[in-house]
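# Results of the structural survey
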Amino acid sequence: MPNIDGGHIFFTLLAPVKLGEVAHPDGRVTTHSHLLREELANLPTAAQSPVAIDTNLQSPFARCTRTHFLRLFVLDQPMFNGRDPSNPLVNAVKGVNPLVHQPFDVLSRPWLVMSADVDRRPAEPDQGLASWAEGLWTRTEAEMRAIFGHCHGFDGVGSAAAFAAYLKRCQVETTMSFNDYWPGRPPLKGESFGRIGAGLLAVAAGVMALMWAVLKPASMWWLLPLLLVGLAAGAAAVVWNLWSRGRRPFPPAPDSDLPSVLKSLHVQQRFAFFAETVQGFDPQALHRAFGEFLAGVRPGDLESPTQMPGVIRSDGVALVEHKAVDPKRVVL
Amino acid sequence: VTTAPIRTELELGDLQGGILSAYGKMGFPKARYLLFHVDRSAAGRAFVEALRPKVTTALRWPSSKGISTGAVEVPRPDCTLNLAFTFWGLYALGVPTRTLRGMPDEFVDGMALRAPMLGDDILDNTPANWDPVWQPEREKPHILVMLNAKVDAAGHALPALDAMTAMVLKAAAATDGAVRLLEGHAGPDPRWQELSAIFADAPDGTRRALPTEHFGFVDAIGDPVFEGQYPGREEDLRAVGQGAMDGEGQWRPLATGEFILGWPDEAQEVAGAAMPLDFSRNGSFFAYRKLHQHVERWDQWVAERAKGLAATWEIADLAEAEALLKAKMCGRWPDGVPLLLAPTEADRQAFNARLKPGSPEWLAAITHFDYCDDVDGAKCPVTSHMRRANTRDMLDPLWDQPKKARMGSALNNRRRILRRGLPYGDRAAPDHDHGIVLLAHCANLFRQFEFVQQQWMNYGLDFNAGNDSCPVVGAHSPGARFVIAAPDASKPPFIASGLPQFVSTRGGDYFFAPSMTALRMIGQGVVDPT
């Protein structure tokens, strides 16, 4: 359902990892899943923690200006939660032998999972999934090759278009989307039991009236079956209405695309300093300073100046130095 | 047949003293904390056994407040004694592996390893600045012995403090060096941490303990109230303003299990704890934080920024602007009157004229308020120390809904801590060792103490304040600022910029204060987790 929600594409991909032995660059013979995990572990994260900042490496996905969030991991097996719960009395009646193992499914191989939160493009036929995938390839081809090279069906992918087709082929439905860009409560209109009931009765009455007019029954005894048909139609209309409303995507929050979010973070940080600086200014000086602020920060210009993706601040303040604490681990 | 639930009655004789209420408030304004390291389990247990008969419990002493004390009266001692252990202390004392395995991760880690979470890896909070005894390269502290003493008319600790100290040292000496006192505390005596309330000369020539800390605020006003903490009606009265609040402003005591292990907590369950249950039950975890207060820096910065505040808000009297700035930072005026009830100096004076400061009515009134009517912080800034430490109903996502639909303090109830401890040092003394030793008691250090420290003291997102940290005790990285909302439409907001570090960590660790039952099991070496 929510592949598209809140103005974003919530992309989920499951790509089968190759089976079989493979040579590690250091000479060992190992598995594709091992190499893939190593590849993922060595992928730099965004500069959002002291450790990540100290490495001076940046996440490859910070090169993409439509990607809010991207996560990759290897799924070996779903958790087996034990036997399906059942009632021992029912089992006894049905003759279920609890000593006989219940069958359960396992995954045939490890799978690579990618989940991403991406800016949608409503004008494009697929809402912008293909153009995003092509952009991802253009900007991170080396990393994508290193990762997906361990996945089944990827061999032969050599262009942005082919990569987009591969991602599309591996896409599964996203069942839980999440984003947090609504500053207040989104303008959602709920349904009340009263309104639902009124709708049901209105449809029921309409259907009854129509059928009465068409069939022109001779006896009042027909009223009861027609009422039942009407109510059934009303109930169906209610279910259809709620179902189709529920399927509707969550409304996009205003300015929740990545360039706008980054720009607003930048403006916010700069404005905080501006407000600090101009305290006590007389109206003329304040007016002049605000003009300079607008000229410098250009709030309407999403291109620049703005906050680069993958960093935690852009107000020019030096990040505080974090000192690693390395206590004595031999304790007694 | 009555259907009313049976009230929680704690077995006070099984709880250690100093948890349900602070010794400082009970007439013990001096304290001495000693740390020991145990080399051999049997010797460590003998040390615990030697001290165990002297341990002060939570049993009520005869008091002037007329609270009943039970059939057998316990005399109020001149000096109290309490014990607490680090994880490695319990390990060294031979507590079984299965019991140790049930201990929470953060307690096993200890405070130094949690530095990145607590903000102890930045600025001058880092362990390199800690008192030598707490430095993580040194031998780990195992046993904390806490002595609290009464004072004479001149403000000196009664001789019982030295006598009790000698008794403790003698018990350690009897182990032939297998239980060693760890030295290296900053302050007057490197052998232990000396603590003292701040004293002032009274008109009658005596010296009296003040309830203030080194920045001049009356401290320890807000403190959670939970089931079983106070007898009967006292509990219901105190719960107003200090317990949990529903959306309609009705107060109740918090669940006991938020502070004392083995009791139902605010999630309506008895949380898992180290087994056997009677090892954990009636015990409590606490974070020992030695917090230095940079008083000169505080005075200078407040004086400087008060000029800006006076100019911005057109306050003629600079002293009044200073008091107002301090009040905005803390959330209370230095005398304890909350900004919510008295947003201006004139209001504060009127408040104190209406209710006599220090009277029971005044004490009840200064904690009885909520934040839903001051959402934008016009009276009390949303990032002030008090609003961060105990958010009351401030985080209610449905604050603008009709009262029936609100959530009250639901998002706050699982983040409360009992604040114990005392100030230390003299701000005029040349050793520059002065501040507060905070003992933050709770059932779950990770969920309660660490969350409050990381998310509410050192970060501002929950208050829509970005990276802004607590103006008083938060970590003040470059660019730190404190935003004071405009009190009304006629005045602009005031941004107090360039916050220096006012409070810095100087040491500490995570401790477990066991019940008397558990103390017996530890001392006798009979903890049986099976």
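Turning to the overall build of chain A, a few remarks are in order. What chain A contains, in helices and strands, is nine helices and seven strands. Seen along its three principal axes, the alpha-carbon backbone of chain A occupies a region of about 85 × 75 × 55 Å. By the burial criterion, 32% of the 332 residues in chain A qualify as buried. Residue pairs at least 24 apart in sequence account for 71% of intrachain contacts in chain A once pairs closer than 6 positions are excluded. A total accessible area of about 21000 Å² is found for chain A, and carbon and sulfur atoms account for 63% of it.

All names here are of chain B. The tally for this structure, following the rule as stated, stands at 37 aromatic pairs over all chains. Ring centres of phenylalanine 36 and phenylalanine 47 lie 4.8 Å apart, and the angle between their planes is 55 degrees; on these two criteria the pair is classed as tilted. Highlighted residues: phenylalanine 36 in strand 1 (residues 30-38) and phenylalanine 47 in helix 1 (residues 41-51), separated in sequence by 11 residues. By relative accessible area, phenylalanine 47 is classed as buried at 1%. Ring plane angle 55 degrees and centroid distance 6.1 Å describe the contact between tyrosine 288 and phenylalanine 511, whose orientation is recorded as tilted. Of this pair, tyrosine 288 sits in strand 10 (residues 284-293) while phenylalanine 511 sits in strand 15 (residues 503-513), and the two are 223 residues apart along the sequence. Each member of the pair tyrosine 288 and phenylalanine 511 is classed as buried. The aromatic ring of tyrosine 230 is capped on one face by arginine 238, whose charged end is 4.1 Å from the ring centroid. Taking NZ or CZ as reference, arginine 415 lies 3.7 Å from the ring centre of phenylalanine 451, over its face.

Moving on, we get to helix 10 (residues 318-330) of chain B. Residues and elements named next belong to chain B. Taking 1.5 Å of rise per residue, 13 residues should cover 18 Å, and helix 10 covers 18 Å from first to last C-alpha, within 8% of that figure. Ala321, Leu324, Leu325, Lys326, Ala327, Lys328, Met329 and Cys330 are the residues of helix 10 that are buried. The elements touched by buried residues of helix 10 are helix 9 (295-313), helix 13 (385-389) and strand 13 (481-484). The N-cap of helix 10, judged by a side-chain oxygen 3.0 Å from the amide nitrogen of alanine 319 a few residues on, is aspartate 317. Downstream of helix 10 by a residue or two, glycine 331 has a phi angle that is positive, lying close to 105 degrees.

Our next topic: the confidence of the model for chain B. For chain B, the mean per-residue pLDDT works out to 95, and 98% of the residues sit at or above 70. Model confidence for the complex: the whole-complex pTM is 0.93, and ipTM, which rates the interface, is 0.87.

Let us look at the interface of chain B and chain A. At the junction of the two partners, chain B supplies 30 residues and chain A supplies 19 residues. Summed over both partners, the interface of chain B with chain A comes to about 2100 Å²; 58% of that surface belongs to carbon and sulfur atoms. Counting across the chain B and chain A interface gives one salt bridge. The partner of arginine 481 of chain B in a salt bridge is glutamate 276 of chain A, with the nearest N and O atoms 2.7 Å apart. Mapped by element, the contributors of at least two residues to the side of chain B that touches chain A are helix 2 (87-92) and strand 14 (494-497) of chain B.

All names here are of chain B. Contact geometry of helix 1 with helix 6 (residues 160-173) gives a least axis separation of 9 Å together with a crossing angle of 150 degrees. By the angle between their directions, the pair helix 1 and helix 6 is classed as roughly antiparallel. Seen along the crossing, helix 1 lies across helix 6 with a hand that is right-handed. Side by side, helix 1 and helix 6 meet where Phe47, Ala50 and Leu51 of the first sit next to Met167, Val168, Ala171 and Ala172 of the second. Across the contact of helix 1 with helix 6, the residue classes tally to seven nonpolar, no polar and no charged.

Glancing now at helix 1 of chain B. All names here are of chain B. Buried residues of helix 1: Ala43, Gly44, Phe47, Val48 and Leu51, and no others. Down the axis of helix 1, the buried set is contained in an arc of 145 degrees. They therefore lie on one face. Considering only its buried residues, helix 1 is in contact with strand 1, strand 2 (79-85), strand 3 (143-149), helix 6, strand 4 (179-181) and helix 15 (516-524).

This next bit is on the pattern of salt bridges. Taken as a whole and judged by the stated rule, the model has 43 salt bridges over all chains. A salt bridge links arginine 313 of chain A to aspartate 315 of chain A, with the nearest nitrogen and oxygen atoms 2.9 Å apart. Owing to a relative accessible area of 24%, arginine 313 of chain A belongs among the partly exposed residues under this scheme. Given the relative accessible area of 9%, aspartate 315 of chain A is considered buried. One connected set of salt bridges, linked through shared partners, spans Glu258, Asp265, Arg414 and Arg447 of chain B.

Turning our eyes to something else, we now look at the environment of histidine 37 of chain B. All names here are of chain B. As for its placement among the helices and strands, histidine 37 is situated in strand 1. For histidine 37, a relative accessible area of 0% gives the class buried. Engagement of the side chain of histidine 37 in a polar contact is seen with the backbone oxygen of lysine 140, the distance being 2.8 Å.

A word on the nonpolar core. Soluble globular proteins tend to bury their nonpolar side chains together. If you look at the biggest cluster of nonpolar residues, it comprises 140 residues, and the most contacted ones within it are Phe47, Leu83, Leu90, Ile143, Val145, Phe279 and Met329 of chain B. With eight residues, helix 9 of chain B is the largest single contributor of residues to this core. What phenylalanine 47 of chain B contacts, discounting residues up to four positions off in sequence, is Phe36, Ile143, Val145, Val168, Ala171, Ala172 and Val179 of chain B. If you look at the next biggest cluster of nonpolar residues, it comprises 33 residues, including Leu40, Ala133, Phe154 and Val157 of chain A.

On to the packing of helix 8 (residues 258-277) of chain A against helix 9 (residues 283-297) of chain A, then. For any two helices packed against each other, one specifies the inter-axial angle together with the distance between the axes. Residue and element names in this part refer to chain A. Where helix 8 contacts helix 9, the axes come no closer than 11 Å and their chain directions differ by 155 degrees. The pairing of helix 8 with helix 9 is recorded here as roughly antiparallel in orientation. Relative to helix 9, helix 8 is oriented so that their crossing is right-handed. Counting all contacts with helix 8, which are made through Lys263, His266, Val267, Arg270, Phe271 and Phe274, the residues of helix 9 involved are Leu286, Ala289, Phe290, Phe293 and Val297. For the contact of helix 8 with helix 9, a count of residues per class yields eight nonpolar, one polar and two charged.

With that settled, the discussion passes to a nonpolar patch on the surface. All names here are of chain A. A surface patch of nonpolar side chains, about 460 Å² in accessible area, is lined by Leu201, Leu224, Leu227, Leu228 and Leu231. Among the elements that line the nonpolar patch, the one with the most residues is helix 7 (residues 223-247), at four residues. Mapping leucine 231 onto the fold places it in helix 7. Exposure remark for leucine 231: the relative accessible area of 32% places this residue in the partly exposed category.

Here is what the cut-offs are and how they apply
- Residues numbered from 1 in each chain as written.
- Chains lettered and ligands numbered in written order.
- Predicted model: local features only at pLDDT ≥ 70, side-chain atom pairs only at ≥ 80, totals over all residues.
- Heavy atoms only, no water.
- Helix = DSSP H or I, 4+ residues; strand = E, 2+ residues; numbered from the N terminus.
- Buried < 20%, exposed > 50% of the residue type's maximum accessible area, 1.4 Å probe, protein only.
- Contact = heavy atoms within 4.5 Å.
- Areas by Shrake-Rupley, 256 points an atom, 1.4 Å probe, with all protein chains shown as cover.
- Phe/Tyr/Trp six-rings, centres within 6.5 Å; stacked < 30°, edge-to-face > 60°.
- Lys NZ or Arg CZ within 6 Å of the ring centre and 35° of its normal.
- Expected span 1.5 Å × (residues − 1).
- Polar contact = N/O pair within 3.5 Å; in protein donor to acceptor, adjacent residues only side chain to side chain.
- pLDDT = per-residue confidence, 0-100.
- Buried area = accessible area lost by both parts, 1.4 Å probe.
- Salt bridge = Lys/Arg side-chain N within 4 Å of Asp/Glu carboxyl O.
- Axes fitted to C-alpha atoms, helices over the stretch in contact; angles between N-to-C directions.
- Parallel < 35°, antiparallel > 145°, perpendicular 65-115°, else oblique.
- Left-handed = near helix turned anticlockwise from the far one by under 90°.
- Nonpolar A, V, L, I, M, F, W, Y, C, P; charged D, E, K, R; others polar.
- Arc of directions from axis to C-beta.
- Core = buried A, V, L, I, M, F, W, Y, C linked by side-chain atoms within 4.5 Å.
- Patch = residues over 30% accessible without salt bridge, like charges linked within 9 Å, V, L, I, M, F, W, Y side chains within 5 Å.

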